Amino acid sequence: MGEKRDRARGTGGGAPQQVSWGAWPSREALTRLGVPRGRVVIDYSMIIALSVWVLAGCYTSGAFGGWYAALPPLGFGLCAAAALGYHHTTLDHRAAASLGLLGVMALCGLGAYVAGAPTPATVMWIVIAIMAMERLPLPAGLATVAVLVPGFAEADETGMLGAALTTAAVLLAGYSLRLDAQARGAGFQLLAQERLARDAEAASAALAERARIAREIHDVLAHSLSAQMVHLEVARLQIEAGADRAEILKLVTSARSMAREGLAETRHALSALRGDMVPVEDYLKDLARESRAEVDVTGERRQLPAEASQAVRRVAQEALTNVRKHAPGARTRINFAYETDGISLEIRDSGPPPTAEGVRDGDGLGSSGAGYGLLGMKERAELLGGSLEAGPEGRGFTVRLRVPA
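Residues numbered from 1 in each chain as written. Predicted model: local features only at pLDDT ≥ 70, side-chain atom pairs only at ≥ 80, totals over all residues. Heavy atoms only, no water.

Colleague: Is there a simple way to explain unusual backbone geometry in this structure?
Modeller: At histidine 93, a residue that is not glycine, the phi angle is positive and equals roughly 55 degrees. In this fold, histidine 93 is placed in the loop between helix H4 (71-91) and helix H5 (95-114). (Helix = DSSP H or I, 4+ residues; strand = E, 2+ residues; numbered from the N terminus.)

Colleague: Could you clarify how one ought to interpret the pattern of salt bridges in this entry?
Modeller: Working definition: two side chains of opposite charge can pair if their charged atoms are close together. This model, assessed by the stated rule, comprises 14 salt bridges. Glutamate 393 is paired through a salt bridge with arginine 348; the nearest N and O atoms lie 2.5 Å apart. Taken together, the residues span a long stretch of sequence, with glutamate 393 in strand E4 (residues 387-393) and arginine 348 in strand E3 (residues 342-349) at a distance of 45 residues. Its relative accessible area of 31% is what places glutamate 393 among the partly exposed residues. Relative accessible area serves as the criterion here: at 34%, arginine 348 is assigned to the partly exposed category. Arginine 400 is paired through a salt bridge with glutamate 393; the nearest N and O atoms lie 2.8 Å apart. A relative accessible area of 30% means that arginine 400 is categorised as partly exposed. (Salt bridge = Lys/Arg side-chain N within 4 Å of Asp/Glu carboxyl O. Buried < 20%, exposed > 50% of the residue type's maximum accessible area, 1.4 Å probe, protein only.)

Colleague: Please explain the nonpolar core as it appears in this structure.
Modeller: In globular proteins that are soluble, nonpolar side chains generally tend to be buried together. Counting 30 residues, the largest nonpolar core has Leu102, Met105, Trp125, Ile128, Leu148 and Phe152 as its most contacted members. Going through the elements one at a time, H4, H5, helix H6 (118-135), helix H7 (138-155) and helix H8 (160-240) are the ones with two or more residues in this core. No other element matches H6, which puts 10 residues into this core. Not counting the four nearest positions on each side in its chain, leucine 102 is found in contact with Tyr86, Ile128, Ala132, Leu136 and Thr144. The next biggest cluster of nonpolar side chains, apart from the first, holds 26 residues, and it includes Leu284, Ala293, Ala308 and Ile343. (Core = buried A, V, L, I, M, F, W, Y, C linked by side-chain atoms within 4.5 Å. Contact = heavy atoms within 4.5 Å.)

Colleague: Which parts of the structure should I look at to understand the packing of aromatic side chains?
Modeller: Counting across every chain of the model gives two aromatic pairs. One residue, arginine 313, lies across the ring of tyrosine 283, its end atom 4.9 Å from the ring centre. (Phe/Tyr/Trp six-rings, centres within 6.5 Å; stacked < 30°, edge-to-face > 60°. Lys NZ or Arg CZ within 6 Å of the ring centre and 35° of its normal.)

Colleague: It is not clear to me how the pairing of E4 should be interpreted in this structure. Could you clarify?
Modeller: For a regular strand, side chains alternate in direction, first toward one face of the sheet and then toward the other. The sheet contact formed by E4 and strand E5 (residues 396-404) spans seven bridges and is antiparallel. Bridged to glycine 391 within E5 is threonine 398. What sits between E4 and E5 in their antiparallel hairpin is a turn of two residues, with glycine 394 showing a positive phi close to 65 degrees. (Pairing = 2+ DSSP bridges.)

Colleague: What exactly am I supposed to notice about the pairing of strand E1 (residues 294-298) here?
Modeller: The sheet contact formed by E1 and strand E2 (residues 332-338) spans five bridges and is parallel. Looking at E2, one finds that valine 295 is bridged to isoleucine 334.

Colleague: Honestly, the sheet that holds E4 in this entry has me stumped. Any pointers?
Modeller: Strand pairs in the sheet, formed through backbone hydrogen bonds, run parallel or antiparallel to each other. Taken in spatial order, the five strands line up as E1-E2-E3-E5-E4 in an open sheet, and their pairing is mixed. Two strands bound the open sheet, and with one partner strand each, they are E1 and E4. The sheet shows a mean angle of 10 degrees between the axes of neighbouring strands, taken without regard to direction. Against the sheet, helix H10 (residues 280-291) engages E1, E2 and E3, with an angle of about 180 degrees to E2. Relative to E3, helix H11 (residues 306-326) is tilted by about 5 degrees, and along the sheet it contacts E2, E3, E4 and E5. (Axes fitted to C-alpha atoms, helices over the stretch in contact; angles between N-to-C directions.)

Remember, this is a structural readout, not a statement about activity or role.
Here it is, written out as structure tokens:
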């Protein structure tokens, strides 16, 4: 029932349907939804005036005297009930019931004609024909008009000419009302479709935002945990080698600090997603200071989208973590550039010093971590329409990121 009410209000439809020649008008077209209040007042005023005129015509014809004076009100009441029922059966697209109710009204008109009131009868038949053309499938509406044409010819003193003019007027009036209702119904269907599209767009945006937040949190935690793993792995190796307790404690304390910083970075990422972030070049300088790297920023500074800014931050973090993991002691340079249609980031290291070759390959530190950091960064860049390249250059390793912004 709720679905029917929604559809009757014009909010349950989807895209406007293609109306075939033999199809019913849409539910939106068959309701009074969207009709201006002034038009409704005029329509009901005309119905009341026409009803009064028909009743008066029945009495002035002299056909309903004596006890028969009660018949016009009874017939009018029956017609009104049939018309109300016809409104609801056409809303439900019930052809047989709708045609039956039109038949009841036509018989009331026939009764008036037989009793000697041809003008009220003709008016009733005209109204019935217009209602059929407006609310029924066109074949049924045309068939109803065809059935009533003999009545028009019989009641009109001019014969077939008058019947032809009356039929033409009925067809024109009924079809005009039908087209007007269909245009109004199509407008409400389009409005319903637009609302559904907006709802779907809002739901899609919410899902995209959740995915973006999840990706940010994943990248921050992956970076933090990777750095902690490096220190804990070194601590494990030193414990196995019987290193000094103070050195081991220093590594464990550093890992704990990184865990605390990871939580702070997570909160920072959430704030950045809401637009509360420091400029990316300032962030890179702070990050480079901690890693003893050099930074070069070129191009005209401008406000960056949150996702592009976060991509630069995460790639820089991951690249510097990899330098500390695989090439400790290497010289590192960060080049960040504002370009015409985007931004670029390059992080290049010189490779481990000759004395650190054993550390890189032989102590297990280079193999720690899952190895998915740069792969995740590449996926992030591609989602933004950019690219990420990473690979060895000479003794070192270079990471290049480019993102439209």
